[in-house]
Amino acid sequence: MPIIGIADTTFARYNMGRAAIDEIQKNVSVQIKRVTVPGIKDLPVAAKKLIEEEGCDIVMALGMPGGKEKDKMCAHEASQGLIMAQLMTNTHIIEVFVHEDEGKDEKELAFLMDRRPREHALNVIKLLFKPEKLVKEAGTGQRQGFEDAGPLRM
Ligand SMILES: Cc1nc2c(=O)[nH]c(=O)nc-2n(C[C@H](O)[C@H](O)[C@H](O)CO)c1C
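Residues numbered from 1 in each chain as written. Predicted model: local features only at pLDDT ≥ 70, side-chain atom pairs only at ≥ 80, totals over all residues. Heavy atoms only, no water.

Asker: When you look at the packing of helix α1 (residues 16–27) against helix α4 (residues 106–129) in this model, what are you seeing that I'm missing?
Answerer: The relative placement of two packed helices is expressed as an angle between their axes plus a distance between the axes. Put simply, α1 and α4 touch, their axes get as near as 8 Å, and they point 40° apart. Judged by the inter-axis angle, α1 sits oblique to α4. Crossing of α1 over α4 shows right-handed handedness. Where α1 abuts α4, its residues Met16, Ala19, Ala20, Asp22, Glu23, Ile24, Lys26 and Asn27 lie against Met113, Asp114, Pro117, Arg118, Ala121, Leu122 and Ile125. In the contact of α1 with α4, the residues fall into nine nonpolar, one polar and five charged. (Axes fitted to C-alpha atoms, helices over the stretch in contact; angles between N-to-C directions. Helix = DSSP H or I, 4+ residues; strand = E, 2+ residues; numbered from the N terminus. Parallel < 35°, antiparallel > 145°, perpendicular 65-115°, else oblique. Left-handed = near helix turned anticlockwise from the far one by under 90°. Contact = heavy atoms within 4.5 Å. Nonpolar A, V, L, I, M, F, W, Y, C, P; charged D, E, K, R; others polar.)

Asker: Would you take a moment to explain the sheet that holds strand β1 (residues 3–9) for this structure?
Answerer: Taken together, the four strands give an open sheet; going across it, the order is β2-β1-β3-β4, and neighbouring strands pair in parallel fashion. Strands at the two margins of the open sheet, each flanked by one partner only, are β2 (31–37) and β4 (93–97). Direction aside, the axes of adjacent strands within the sheet are offset by 15° on average. Against the sheet, α1 engages β1, β2, β3 (58–63) and β4, with an angle of about 160° to β1. (Pairing = 2+ DSSP bridges.)

Structure representation (structure tokens):
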């Protein structure tokens, strides 16, 4: 049975890991290993450990960069770490970040922090079990959280 790793943070203002796990469990029967770290810069090593020490086949790295400039820098560094961890382990780590300033108010932010992990959880399931479904969706302007952008027409 495949193992999905979930790494999330205490910095985030919504329980993104719980949303992702709920969506996974609604759709497939898999083993889940979860860790929670303080912030997004702690996610790369947490994800790498889930892969190398816990045998995870894929990992979701969930976090919330804050709205300040230093938070955005932090997010960029965390992203680079996550890419490095993917290359070091040859394993997908799906980055699920919701920036605190993406929502126009707290209600919209909470909506997004619930929806994006759920929609990426479905992507993770497709990557693991039905990669051909993603091929069918190629170029269709999928977005996680808000409305899909949709395909371009000639
Ligand atoms: C400035 C800063 N901003 C964020 C952020 O926007 N989101 C987040 O999840 N964590 C932030 N952190 C904390 C770091 O990611 C990390 O937890 C600490 O530097 C300890 O390694 C820091 C230090």
